[in-house]
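# Understanding the architecture of this molecule
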Amino acid sequence: MPLTYCVNSHYTYTLVIMTGGYGTRLQNLVPSQPKILAPIKGRPFLYYLLSWLRSSGTSFDQVILATGHLGEIIQSYVTMNDIQLSVIPEERPEGTFTALLKLIKCINNQHILVLNGDTVFSVDFADMFSTYLTRQSTLLSLVKCTNTSYTKGYIVTSDSHAHYVEYTPDYVSLGAFFISLDILLKYHKLYSKDHKNLMLDKDLLAIEKPIAYILNPDYFIDIGTPQSYKDAQLSIPRIFDQP
């Protein structure tokens, strides 16, 4: 059965899923396989990622997978399974923000939801998008409170802005944010001569100080480490394979 996604035509945005990393920590468990296609009980993680998006209040009308390492394998899988999305490869890794800026000509909407390609969590994206529009924000970032010893993250001020810090933070990013195309165009012009090796946290979020959308998710699953990937073999099917 082809994997597809649902569209709410009232308000739409472009969904960009960042999948360009090397997945170094998983290479012993899933050699020669991009992380987004890492098997979870016989199905690729991308299958569950799309199932998650369908159930989380998304209203996109364009999906872009920004790929890098082993991107041709992702393209082959998408083509064979008739998944209605665009796979856009990065010729060489130059930073997460650089990768996003290079997608500008491919984006069809004024608003963009950017996601990491290795996590799923409980969230209502419809409410998050409504908050983004209501606040007339050009950048709204999803964060959660943390009690653990992260070495970088965010503090949130009384005006609800998230300030990036490289010391013990109060909040950490969940790897999801809404951003306006105008902001991307501004930075594309600013770095028109040299936009190599720009990172989303230091070169965008730290400068723009986005509105914080604070969430305490019922579940948060990250497949990026060997242990979390092993844990996901049970937790992901338990959540998404319900009859």
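What counts as what
Residues numbered from 1 in each chain as written. Predicted model: local features only at pLDDT ≥ 70, side-chain atom pairs only at ≥ 80, totals over all residues. Heavy atoms only, no water. Salt bridge = Lys/Arg side-chain N within 4 Å of Asp/Glu carboxyl O. Helix = DSSP H or I, 4+ residues; strand = E, 2+ residues; numbered from the N terminus. Buried < 20%, exposed > 50% of the residue type's maximum accessible area, 1.4 Å probe, protein only. Polar contact = N/O pair within 3.5 Å; in protein donor to acceptor, adjacent residues only side chain to side chain. Contact = heavy atoms within 4.5 Å. Axes fitted to C-alpha atoms, helices over the stretch in contact; angles between N-to-C directions. Parallel < 35°, antiparallel > 145°, perpendicular 65-115°, else oblique. Left-handed = near helix turned anticlockwise from the far one by under 90°.

## Focus on the pattern of salt bridges
Where charged atoms from two side chains of opposite charge approach closely, those side chains can pair. Inspection of every chain in the model, using the stated rule, returns 6 salt bridges. We note a salt bridge from aspartate 241 to arginine 43, for which the minimum N-O separation is 3.2 Å. Here aspartate 241, found in the segment after α7 (226-240), pairs with arginine 43, found in strand β3 (residues 43-44); they are 198 residues apart in sequence, far enough to count as distant. Measuring nitrogen to oxygen at the nearest pair gives 2.6 Å for the salt bridge that ties lysine 102 to glutamate 94.

## Some words on unusual backbone geometry
Of note in the backbone geometry, lysine 41 takes a positive phi value of approximately 50° without being a glycine. Looking at lysine 41, the relative accessible area reads 55%, which means it is exposed.

## Considering the side chain of serine 137
Mapped onto the elements of the fold, serine 137 is located in the loop between α4 (125-134) and β8 (139-145). In terms of polar contacts, serine 137 uses its side chain to reach the backbone carbonyl oxygen of leucine 139, at 2.6 Å. Excluding residues that lie within four positions of it along the chain, serine 137 makes contacts with Tyr132 and Ile211.

## Observations regarding the packing of helix α1 (residues 45-54) against α7
The relative placement of two packed helices comes down to the angle between their axes together with the axis-to-axis distance. Taken N-terminus to C-terminus, the directions of α1 and α7 make an angle of 40°; their axes are 11 Å apart at the nearest point. With respect to their mutual orientation, α1 and α7 come out oblique. Between α1 and α7 the crossing geometry is left-handed. Mapping the contact onto sequence places Phe45, Tyr48, Ser51 and Trp52 in α1 and Ile236, Pro237 and Phe240 in α7.

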